[in-house]
Amino acid sequence: MKISLKKYTLPLKHTFSISRESHDFQDSLIVALELGGKTGYGEATSNPYYKITVESMMAEITVIKDALESFDFTTPEVLHQFLVERGLTNFAICALDLAAHDLYGKIQNQPLYQLWGTTTNTYPTTNYTIGIASIAKMVSKMQETPWPIYKIKLGTNDDVAIVRELRKHTDSIFRIDANCAWTAEETIYNAPLLKDLGVEFLEQPLKADDWSGMESVMHHSVLPVVADESCIVETDVEKCGLHFNGINIKLTKCGGLTPALRMIKKGKEMGLKVMVGCMTESTVGISAIAQLLPQLDYVDMDGAMLLKEDIAAGVEILADGTVKFPDMAGSGVTLWQ
């Protein structure tokens, strides 16, 4: 098996701001695994919150490159276990795991969703994310991309007022993501006001480790609450089940499709709503997320839509929110550059 690594700096259409950071570019690592004339592609983006850079991921993978290239590849799951045992971060494992799944699907000549026994007859519509900005700018972004569901990033001193103003310009569903910026008291107070403004659910309102606060929110919030920063790896799902109504799984954070599939299964067994989210990946990462669509209640896979320039072809999200799956095996990814 041959491995290659390449760093991309993905330009965004607009400055993207959440409660704790802003950026105009997204650094991303693309991994290619080649075997038997087939090439699988995977991706993981850098993330300052988790202290992950493309350079740090490349350094991790380079250390085990010889072992990887001599590895007897049979299934993505076996490779994933090997990577975990080698002690790589979940972000680096994600890039490799996504490439392994794409490669495996191409070797088997089937799309991943088909290999997993699902069909694309029904699936949830992705939300489109509106980052924190002036109200005029947020409205302009909505007008630029009319969409049935918007995820609104909040974490300011005027959050409810912002949603009230945005509601004047669209009838679309709103989902609110405060990225850990609220207290339990704020969340409980804001929830009925936001519900009246057509908000469907709240995502990670409190700090990731504020479990007592989330217990209070669970008992008193009139809106469902979905875990993000509190649900990173497989072992978090059970605890989240006692404090949230749903979980948002990020492939980069949990370590790829292999653990994500197990987290989806566990979440459903616990009666949780299950969502998969993105980290402003290109079409490489988004195409991997799309393979999970038939298994999900909600999805946030607008990463490639937020880019000024993409780097790959694969699963395509059309203007009406429907998803076009390519006539290709694996994740359906072809790298352009």
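Here, every reference points to the structure presented above.
Scope of this entry: the structure provided in the associated data block. Remember, it's a predicted structure, so these values are computed and weren't measured experimentally. Sequence order as written defines residue numbering, which begins from 1 separately in each chain. This being a predicted model, a pLDDT of at least 70 is required before a residue's local features are given, and a value of 80 or more before pairs of side-chain atoms are given or counted; all residues contribute to the totals for chains, interfaces and linings. Just so you know, side-chain values use all the structure's heavy atoms and leave hydrogens and water out.

**Observations concerning the pairing of strand 10 (residues 273-277)**
Thinking step 1. Within strand 10, four of the five residues are buried, which leaves the element mostly enclosed by the surrounding structure.
Thinking step 2. Bridge count between strand 9 (residues 246-250) and strand 10: five bridges; the pairing is parallel. Across the sheet, Gly-246 pairs through a bridge with Lys-273, a residue of strand 10.
Thinking step 3. Alignment of strand 10 against strand 11 (residues 298-300), held across three bridges, turns out to be parallel. Bridge pairing in strand 11 links Met-275 to Tyr-298.
Thinking step 4. Once you follow strand 10 into helix 13 (residues 283-290) and on to strand 11, the crossover reads as right-handed. Any residue under 20% of the maximum accessible area for its type is buried, any over 50% is exposed, and the rest in between are partly exposed; the area is computed with a 1.4 Å probe on protein chains only. The helix and strand labels rest on DSSP assignments: H or I over at least four residues marks a helix, E over at least two residues marks a strand, and numbering proceeds from the N terminus. Two strands are said to pair when DSSP picks up at least two bridges between them. Orient the strands so they point away from the viewer, and a crossover whose first-strand-to-second-strand path over the helix runs clockwise is right-handed.

**Thoughts on the sheet that holds strand 7 (residues 199-203)**
Thinking step 1. One open sheet accounts for eight strands, arranged 4-5-6-7-8-9-10-11; its pairing is parallel. Whereas interior strands pair on both sides, the edge strands pair on one side only; in this sheet they are strand 4 (128-130) and strand 11. The average undirected angle you get between the axes of adjacent strands in this sheet is 25 degrees.
Thinking step 2. Relative to strand 7, strand 6 (residues 173-177) runs parallel, the two being bridged by three bridges. Residue pairing across strands places Phe-174 opposite Val-199, the latter belonging to strand 7.
Thinking step 3. Where helix 7 (residues 159-167) meets the sheet, it contacts strand 5 (149-153), strand 6 and strand 7, and its direction lies at approximately 160 degrees from that of strand 6. Note on geometry: axes are C-alpha line fits, over the in-contact stretch for helices, and angles between N-to-C directions span 0 to 180 degrees. Note on definitions: a residue-residue contact is assigned when non-hydrogen atoms from the two residues lie within 4.5 Å.

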